[in-house]
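Survey of secondary and tertiary structure
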Amino acid sequence: QLQACGGGVVQVGGSLRLSCAASGRAASTYRMGWFRQAPGKEREFVAGITWRGGSTRYGDSVKGRFTISRDNTKSIVTLQMASLKPEDTAVYYCATTTNPDSNSWIYPNLYPYWGQGTQVTVSS
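Nothing here was measured: the structure is a model prediction, and the numbers come from that model. (Residues numbered from 1 in each chain as written. Predicted model: local features only at pLDDT ≥ 70, side-chain atom pairs only at ≥ 80, totals over all residues. Heavy atoms only, no water.)

**Thoughts on the overall build of the protein chain**
Put simply, the test is: The numbering of helices and of strands both runs from the N terminus, where a helix is a DSSP run of H or I of at least 4 residues and a strand a run of E of at least 2. Throughout, exposure labels follow a simple rule: accessible area from a 1.4 Å probe, protein chains only, divided by the maximum for the residue type, with under 20% read as buried, over 50% as exposed, and the rest as partly exposed. Only heavy atoms matter for contacts: two residues are in contact if any of them lie within 4.5 Å across the pair. We get accessible surface area from the Shrake-Rupley algorithm with a probe of 1.4 Å; when it comes to residues, only the shown protein chains can shield them. For the purpose of counting charges, residues Lys and Arg are taken to be positive, whereas Asp and Glu are taken to be negative. His and the chain ends are not included. Every charge is mapped to an atom, namely NZ of Lys, CZ of Arg, CG of Asp or CD of Glu.
Along its length, the protein chain carries 0 helices and 11 strands. Along the chain direction, N to C, the helices and strands of the protein chain fall in the order β-β-β-β-β-β-β-β-β-β-β. Taken along its principal axes, the extent of the C-alpha atoms in the protein chain is 40 × 25 × 25 Å. Within the protein chain, the proportion of its 124 residues that are buried is 42%. Once local pairs closer than 6 in sequence are excluded, the contacts in the protein chain between residues at least 24 apart make up 58%. With an accessible surface of roughly 6400 Å², the protein chain has 47% of that area assigned to carbon and sulfur atoms. Charged side chains in the protein chain number 13 positive and 7 negative. The centres of these two groups are separated by 7 Å.

In structure tokens:
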């Protein structure tokens, strides 16, 4: 099970932090990723992190603005978002996978476990 929280409304240039707590099978995985989906658009990879080693990867649109981190003792992954833009507005989902393939980070269909989604709205 994955439980995401931390969404809300923030002004342009502001910051927001999302967290996702993993339990059960969803926690016994290789990697957690954050994805987002805006109305009328496909689900987009935002960032990911491996439980072991903490290797990270970011989508091009968020590099330098978002930071992903994990707390293995609590099975929690945090996405710190800064310098937010209106185009960051979306529903954000956390997901986990056991797939270690380095080419699989960005494909949502390769993540079997999903959280419920949390809305992030950036207002101008």
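**Quick look at the nonpolar core**
Grouped burial of nonpolar side chains is what soluble globular proteins tend to show. As a reminder, the rule being used: Residues belong to a common nonpolar core when they are buried Ala, Val, Leu, Ile, Met, Phe, Trp, Tyr or Cys residues joined through side-chain atoms within 4.5 Å.
One finds Met32, Trp34, Val46, Phe66, Leu79, Met81 and Tyr92 to be the most contacted residues of the largest nonpolar core, which totals 26 residues. Looking at this core, the elements with two or more residues in it are strand E1 (2-5), strand E3 (16-22), strand E4 (31-37), strand E5 (44-50), strand E7 (66-71), strand E8 (76-81), strand E9 (90-97) and strand E11 (118-123). With 4 residues, the single largest contributor to this core is E3. Apart from residues lying up to four places away in sequence, Val46 is in contact with Trp34, Phe35, Arg36, Arg57, Tyr58, Gly59, Val62, Phe66, Leu79 and Tyr92.

**A short note on the pairing of E7**
This is how the line gets drawn: When DSSP finds two or more bridges between two strands, those strands count as paired.
Looking at chain direction, E7 and E8 are connected through 6 bridges and run antiparallel. Its bridge partner lying in E8, Ile68 is registered against Leu79. The turn linking E7 back onto E8 is made up of 4 residues, and Ser75 within it adopts a positive phi angle of 55°.

**Some points on the packing of aromatic side chains**
Given two aromatic rings, their pairing is described by the distance between the two centres and the angle made by the two planes. Stated formally: Pairing of aromatic rings covers Phe, Tyr and Trp, the last through its six-membered ring, and needs centres within 6.5 Å; plane angles under 30 degrees mean stacked, over 60 mean edge-to-face, and all others mean tilted.
Summed over all chains, the structure comprises 5 aromatic pairs. Ring geometry for Phe35 versus Trp114: centroids 5.2 Å apart, planes at 50°, classification tilted. Residue Phe35 is found in strand E4, and its partner Trp114 is found in strand E10 (residues 113-114); the two are separated by 79 residues along the sequence. For Phe35, a relative accessible area of 0% translates into the label buried. When the ring of Tyr93 is compared with that of Trp114, the centres are 6.2 Å apart and the planes differ by 75°; the resulting orientation is edge-to-face.

**Some points on the environment of Val120**
If you trace the backbone, Val120 turns up in strand E11. Beyond its immediate stretch of four places on either side in the chain, Val120 contacts Gly7, Gly8, Leu16, Leu18, Met81, Asp88, Thr89, Ala90 and Tyr92.

**Quick notes on the state of the cysteines**
In plain terms, the rule: Defined by distance alone, a disulfide is two cysteine sulfur atoms within 2.5 Å.
Taken as a whole, this structure holds 1 disulfide when the rule is applied. Between the sulfur atoms of Cys20 and its disulfide partner Cys94 the distance amounts to 2.0 Å. On the S-S bond that ties Cys20 to Cys94, the torsion sits near 60°, and the link is right-handed. Here Cys20, found in strand E3, pairs with Cys94, found in strand E9; they are 74 residues apart in sequence, far enough to count as distant. Side by side, Cys20 and Cys94 carry an identical accessibility label, which is buried. The structure places no disulfide on Cys5, whose sulfur is separated from the nearest cysteine sulfur, that of Cys20, by 8.3 Å.

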